[in-house]
Amino acid sequence: MLSANIQAGSSTRRYSDYATRSWSHVLPAGKRTALDTIATLAGSHDIVGLQEADPGSWRSGFTNQTHYLAERGGFEYWTHQPNRRVGAVASSANGLLSRLEPIEVINHALPGRISGRGVLLSRFGEGDEGLVVAVAHLSLGAQSRHSQLSFIAEVLADHPNAVLMGDFNCTSDRPEMSVLYRGTGLQPPSCAVHTFPSWRPQKAIDHILVTGNLKCVDMKALPAAFSDHLALSTQLQVPEAALRR
């Protein structure tokens, strides 16, 4: 399992690049090479959650990046959730790549002071015991994150076999995260894996959280081309009943 904020295929290797390479966030040049590198990484996993994947705008050369990564990575199943659009210049989406066929996909808009955030939920097994995988990209502000995590807690409350992964924009021990742990079976990670900034990781703000019935093994951070976030990879141990169809 892999979670990756791919920064729409843009390159950021130092803080100054946010200013000096700002053009890369609105022009398509160079993104195809980055996407091919990310596809190689994604292709060694069974389920991949994406954040900041452009669903098709000027900056991506009007390429749906989730679809492109699915084809290049050899994934039969893919889905995406467009969230934010800046005219025709730039768009952003959550995405899911999978070698397993989901039986249901649900898009939820998340609350917040500024609209444009969402959680993409996929179910892979029947009934209450079925595996549920959710992909989210949370807000920068703590108050908005609290509202978003409260909403996600309601969505995942009745699922004993659940995964929530994505860019949380906060560490797992922040006060607003407690609403998630109290309201669901999701557990705090056993160790902090630093993923941001990618060139000198100092913050663990990308997470793969699982409920107690599941187990993550060998959690590690890996480069997602030249994104400003490292990707987070883990082996997920899932009960057989959670994938029963």
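The structure under discussion appears in the preceding block.
Residues numbered from 1 in each chain as written. Predicted model: local features only at pLDDT ≥ 70, side-chain atom pairs only at ≥ 80, totals over all residues. Heavy atoms only, no water.

Trainee: Would you explain the packing of helix H2 (residues 31-42) against helix H3 (residues 65-73) in this entry?
Mentor: A packed helix pair is summarised by two numbers, namely the angle formed by the two axes and the spacing between the axes. It is at 9 Å that the axes of H2 and H3 come closest, and there the two elements cross at 50 degrees. Put simply, H2 runs oblique to H3. Crossing angle aside, the handedness with which H2 passes H3 is right-handed. From H2, Lys-31, Arg-32, Leu-35, Asp-36, Ile-38 and Ala-39 reach across to H3, where they touch Gln-65, Tyr-68, Leu-69, Arg-72 and Gly-73. By residue class, the composition of the contact of H2 with H3 is 5 nonpolar, 2 polar and 4 charged. (Axes fitted to C-alpha atoms, helices over the stretch in contact; angles between N-to-C directions. Helix = DSSP H or I, 4+ residues; strand = E, 2+ residues; numbered from the N terminus. Parallel < 35°, antiparallel > 145°, perpendicular 65-115°, else oblique. Left-handed = near helix turned anticlockwise from the far one by under 90°. Contact = heavy atoms within 4.5 Å. Nonpolar A, V, L, I, M, F, W, Y, C, P; charged D, E, K, R; others polar.)

Trainee: Help me out: how do you make sense of the side chain of Ser-233 in this one?
Mentor: Topologically, Ser-233 is positioned in strand S11 (residues 230-237). Within the local environment of Ser-233, its side chain forms a polar contact with the side chain of His-45, the two groups lying 2.8 Å apart. (Polar contact = N/O pair within 3.5 Å; in protein donor to acceptor, adjacent residues only side chain to side chain.)

Trainee: Before we go on, may I ask you to explain the environment of Leu-131 in this structure?
Mentor: Tracing the backbone shows Leu-131 in the loop between strand S6 (118-123) and strand S7 (132-137). A relative accessible area of 2% places Leu-131 in the buried class. Put simply, Leu-131 and Asp-54 are 77 residues apart on the chain and 27 Å apart in space, counted from C-alpha to C-alpha. Setting aside anything within four residues of it in sequence, one finds Leu-131 in contact with Ser-122, Arg-123, Phe-124, Gly-125, Asn-161, Val-163, Leu-214, Val-238, Ala-242 and Leu-243. (Buried < 20%, exposed > 50% of the residue type's maximum accessible area, 1.4 Å probe, protein only.)

Trainee: Just to check I follow, could you spell out the packing of aromatic side chains for this structure?
Mentor: Each aromatic ring pair is summarised here by two numbers: the centre-to-centre distance and the angle between the ring planes. Using the criterion set out here, one finds 0 aromatic pairs in the structure. A cation over an aromatic ring shows up here: Arg-99 above the ring of Phe-75, its NZ or CZ 4.2 Å from the ring centre. (Phe/Tyr/Trp six-rings, centres within 6.5 Å; stacked < 30°, edge-to-face > 60°. Lys NZ or Arg CZ within 6 Å of the ring centre and 35° of its normal.)

Trainee: How should the pattern of salt bridges be read in this particular structure?
Mentor: Note on pairing: side chains with opposite charge can pair once their charged atoms come close. Counted by the stated rule, this structure contains 6 salt bridges. In this structure, the salt-bridge partner of Asp-36 is Arg-72, at a minimum N-O distance of 3.2 Å. With a gap of 36 residues between them, Asp-36 in helix H2 and Arg-72 in helix H3 connect regions that are remote in the sequence. On the basis of relative accessibility, which here comes to 24%, the residue Asp-36 falls in the partly exposed class. Residue Asp-46 is joined to Arg-99 by a salt bridge in which the shortest nitrogen-to-oxygen separation is 4.0 Å. Highlighted residues: Asp-46 in the loop between H2 and strand S2 (47-53) and Arg-99 in the loop between strand S4 (90-98) and strand S5 (104-109), separated in sequence by 53 residues. For Arg-99, a relative accessible area of 30% translates into the label partly exposed. (Salt bridge = Lys/Arg side-chain N within 4 Å of Asp/Glu carboxyl O.)

Trainee: Would you explain helix H4 (residues 142-156) in this entry?
Mentor: Taking 1.5 Å per residue as the helical rise, H4 with its 15 residues ought to reach 21 Å, and the 20 Å between its terminal C-alpha atoms agrees with that figure. Listed in full, the buried residues belonging to H4 are Ser-144, Arg-145, Gln-148, Leu-149, Ile-152, Ala-153 and Leu-156. In this structure, the buried side of H4 is in contact with S6, S7, strand S8 (162-167) and helix H5 (178-183). (Expected span 1.5 Å × (residues − 1).)

Trainee: For this particular structure, what's the right way to read the sheet that holds strand S9 (residues 206-210)?
Mentor: The strands making up a sheet associate through hydrogen bonds between their backbones, and the pairing can be parallel or antiparallel. Here 5 strands make up an open sheet; going across it, the order is S5-S6-S7-S8-S9 and the pairing mixed. Taken across any chain shown, the strands that pair with only one partner, and hence form the sheet edges, are S5 and S9. On average, each strand axis in the sheet is inclined to that of its neighbour by 15 degrees, with strand direction left out of account. In this structure, S5 lies alongside S6, joined through 6 bridges in antiparallel fashion. Bridge assignment links Glu-104 to a residue of S6, and that residue is Arg-123. (Pairing = 2+ DSSP bridges.)

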